[in-house]
Amino acid sequence: MKKLGTKMMVMVACLSGISQMYAQHRISGRVMMMEENREIPLEFANVTLNAADSAFVAGITSDPKGYFEFKNVSTGDYMVIVSYLGFAPQTLSLNGLTKSVELGDLLMEEETAQLGTVTVTASNTTYKADRQIVFITEQQKANSSNGINLLNTIQFPRLTVNPVTNTVSLPGDESLRFCINGVKVNHEDVRALQPNEVIRVEYLDNPGLRYGGADVVINYIIRREVAGGSVSVDLGNAVTTDFGDDQVAAKFNYKKSVFGLNYAVRYRNPSKVWANEERTFNFSDGSRMTRFSEGSPGDLSEDTHQTSFNYNLLEEGKYYFNAALRHSFSKEEKMRYSTQYTSLNTTDRTSTYQGSNSFQHLPSVDVYYIRSLKNKQNIILNVVGTYIHSDIDQLYEEKRSGEVINDIVSIVDGDKYSIIGEGIYEKTFENAGRFTTGIKHTQAFADNDYSGTVRTRTKMDQADTYLYVEYAGKRDKFNYTGGAGLSRSQAKQKGEDDYTFYTFRPKLTLQYDFSRSMFVRLKGEIDNTSPSLSNLSPVDQYIDTLQLIRGNPALKPQLNYSANLLFNWKKGIYGINLFNSYIYSPKPVMEEILRENDKFIRTWDNHKNWRKLNSELTLSAGPIRKILMISLTGGVNHYISNGNTYKHTHINWYYRVQAMAMYKKFTAIFQAGSAYDRFSGETLTGGENMHITMLNYNTGKFTAGVGIMLPFSGQYKRYSENRNLYSSAKMDAYANDFSRMLLLKFAWNFNYGRKMKDGSKRLNNTDTDSGVLIVN
């Protein structure tokens, strides 16, 4: 009996051990974060359960109350890892788990270190007072081939990325600037970026005064290379027409230095381009004549070659130096044929030819330096020098029965020199406040020689100086930015009156954060716009036998008052962005058409006022099942143009649809949108009705794709209208080569021996205005 009792005790002990081994337990807890000195739940935190040897067991995300729970967990040794973008990850060891465990509240602390080589897989978007920050996931990198189409995988609000032309745009005339590590760069520099270089992309939709009036700044934060190098090839060429965008870029890294070389060519050579115009002239004697122009297909050729060499040097924590040499060469040829007749005699028909050849060389040098001081202070210096040489030949010829009855020749030989210098001081405080002050000066000189039917020469000097201060801070749920600037604009022209104009330019932004992903922002500012040197030119240029274009040296800079209200909400995969804006410009520089001796003069003047009201709503969802992203936008523009002798209004409804699907190595894109019209002075310029499809296959190093522009339409058309009392017109322009245009794309990214760090630059100065008055 004693032996039997002993055996029974051993069996019970064994069964008890086996029961504990296969028992099913629960592990639960709540993820919290600090906000306004109190703990609040953190939704969508990533919580993973790993075995002691780091093998993955299960993964979940926290719910709206921050709660998470693992069920049916066997006895054993485990690690619970909690992570969320922008916070330091937490790891809890559970050794010898034999029963259910309640971990309680797990408080996450904000991550202050650089991201380095962390792999981001989910919950990759955060919001700050002036920007949206997206940490790039491995899936986004795998489905992109350069820095431009990487934006398509993000779908920032109000931003359109054309996958066929590799262009990025905002609605209307809003300005967009690119930066890499804070350095102002051009489109080609961003296209040369390899996705695996990018840590995060910052979308600054509330940029500070030092960004010089940019509406949006897109800043790519990349790992700085300290060894090895890279080569990128990106080709996009149409099969059905002469159309392409090709680029080759290379970088070499040696210790603290980086050398870069970039070449890009862009060409558009359609052969089926024409325009139909109907223009009505009202003469001084009360008579009226309508002239009809019926276009015939002609050629259009646009070629642009851009080369840049870049060098930068970084001494970590001390200074950053960057120098860029750039050269752009562009050539454009237009041949427009038409048959003309008038309402006075529809049988008397003439053949017209309007042709032009233009060449432009634009070399520039850009030198940038930032010095880091103690106590979070920086001094930034930037100098940009630019030379623009323009050669333009234009011919208008009218024939009747093969004989020339009218011809007008216009030749322009222009040179413009400019230098832009800027200095900035920045100080960041412990309470997250930031103080910025700076001064920027632009000096330009233009010397243009006009010959042909009219001969004259103009010499002009223009200078702008801008001094500004700005402070940004936060108090509880309120973010605020206040700043003020004083600008001085000056123009001198030989034989004409000079002007000097001072403008006070305040700016105020207030933002209230309801949560980390829902806020409302109100922004208001005053700025000024100086007339272009071309508009100031006292030159008459003939368009045809009845029309001339004339500059106005009496133009003065205009003020612009603007305000916008933004509401943004995002929860999980769903988002809402509501943008409302109002712009008021008193004494704006706008066009007008004058009548002199029955000639019609197109010129510019400071008119009464111009207003624009815009409202735009964007609904977004994605990624749905980590595959599909959808964005739907609807908006309306209301223009009020109040001239000295006219008043016009225009209402324009528009929409945009964007969808992107990413599955394994395949990416599919569809975009569609209606025309976004612009109205200024007396001219309505219609936008494009566009739809695009694109399919890409990405192996990592290689990307191949095929796309179609306007697959559902056999016609590419843009329209314009002028509502002048003396010379009103309507015109439809066609370029049918671009409809159902089939495009093939290929990209190759090669790297060798790379090691990386981070660096930054923050200014964005450039000059592209040639100062030449051109007949359009």
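This structure is a prediction, so every number in the text was calculated from the model and none was measured.

With that settled, consider the overall build of the protein chain. Regarding its fold elements, the protein chain presents five helices and 48 strands. Along the first, second and third principal axes, the C-alpha atoms of the protein chain reach 135 × 55 × 50 Å. Classification of the 776 residues of the protein chain by burial places 49% in the buried group. Counting only contacts in the protein chain whose residues sit at least 6 apart along the sequence, the fraction spanning at least 24 positions is 64%. Of the roughly 36200 Å² of accessible surface on the protein chain, a fraction of 56% belongs to carbon and sulfur atoms.

On to the nonpolar core. Judged by nonpolar contacts, the single largest core of 33 residues is most densely connected at Leu151, Leu159, Phe178, Val201, Ile218 and Tyr220. Secondary structure elements with two or more residues in this core: helix H3 (147–150), strand E13 (176–180), strand E14 (183–185), strand E15 (198–204), strand E16 (216–222), strand E24 (345–373) and strand E28 (456–475). Once residues lying within four places of it in the same chain are set aside, the contact partners of Val201 are Gln132, Ile133, Val134, Ile136, Leu150, Leu151, Ile154, Phe156, Ile218, Asn219 and Tyr220. Residues Ile27, Val31, Leu97 and Leu106 belong to the second largest nonpolar core, which totals 22 residues.

Summed over the entire model, instances satisfying the criterion amount to eight cavities of 30 Å³ or more. If you add up the space inside the second largest cavity, you get close to 560 Å³. If you go around the second largest cavity, you meet 33 residues; those closest to its centre are Ile180, Ile222, Lys251, Asn310 and Asn312. Sorting the residues of the lining of the second largest cavity by element identifies E14, strand E17 (224–238), strand E18 (243–254), strand E19 (257–268), strand E22 (300–315) and strand E23 (319–342) as the ones contributing at least two each.

On to the confidence of the model for the protein chain. Predicted coordinates in regions of low pLDDT should not be interpreted in detail. The share of residues in the protein chain with pLDDT of 70 or more is 91%, and the mean pLDDT across the chain is 87. Here residues 1–21 scores under 50 on pLDDT; set against residues more than four positions off or in separate chains, the count is four contacts. A low-confidence stretch, residues 758–764 (pLDDT under 50), is modelled with 45 contacts involving residues beyond four sequence positions or located in other chains.

So, on to the sheet that holds E16. Taken together, six strands build an open sheet; the order of strands is E9-E10-E15-E16-E13-E14 and the sheet is mixed. Edge positions in the sheet fall to strand E9 (125–127) and E14, since each of these pairs with one other strand and no more. Between one strand and the next, the sheet's axes are offset by a mean angle of 25°, whatever the strand orientation. Sheet topology note: the E15/E16 ladder contains six bridges and is antiparallel. When the sheet's bridge partners are listed, Glu202 is paired in E16 with Asn219.

Our focus in this paragraph is the pairing of strand E26 (residues 403–428). Looking at chain direction, strand E25 (residues 377–400) and E26 are connected through 24 bridges and run antiparallel. Opposite Leu395, over in E26, you have Val409 as the bridge partner. The hairpin turn running from E25 into E26, its antiparallel successor, is two residues long, and Ser401 in that turn takes a positive phi close to 55°. Here E26 runs beside strand E27 (residues 434–452); their pairing, made up of 19 bridges, is antiparallel. Looking at E27, one finds that Ser410 is bridged to Gly452.

Rules of the game
- Residues numbered from 1 in each chain as written.
- Predicted model: local features only at pLDDT ≥ 70, side-chain atom pairs only at ≥ 80, totals over all residues.
- Heavy atoms only, no water.
- Helix = DSSP H or I, 4+ residues; strand = E, 2+ residues; numbered from the N terminus.
- Buried < 20%, exposed > 50% of the residue type's maximum accessible area, 1.4 Å probe, protein only.
- Contact = heavy atoms within 4.5 Å.
- Areas by Shrake-Rupley, 256 points an atom, 1.4 Å probe, with all protein chains shown as cover.
- Core = buried A, V, L, I, M, F, W, Y, C linked by side-chain atoms within 4.5 Å.
- 1 Å grid on protein atoms, 1.4 Å probe; cavity = no way out; pocket = protein on both sides within 12 Å on 5 of 7 lines; lining within 4 Å.
- Points joined across faces, edges and corners; volume = space filled by probe spheres on them.
- pLDDT = per-residue confidence, 0-100.
- Pairing = 2+ DSSP bridges.
- Axes fitted to C-alpha atoms, helices over the stretch in contact; angles between N-to-C directions.

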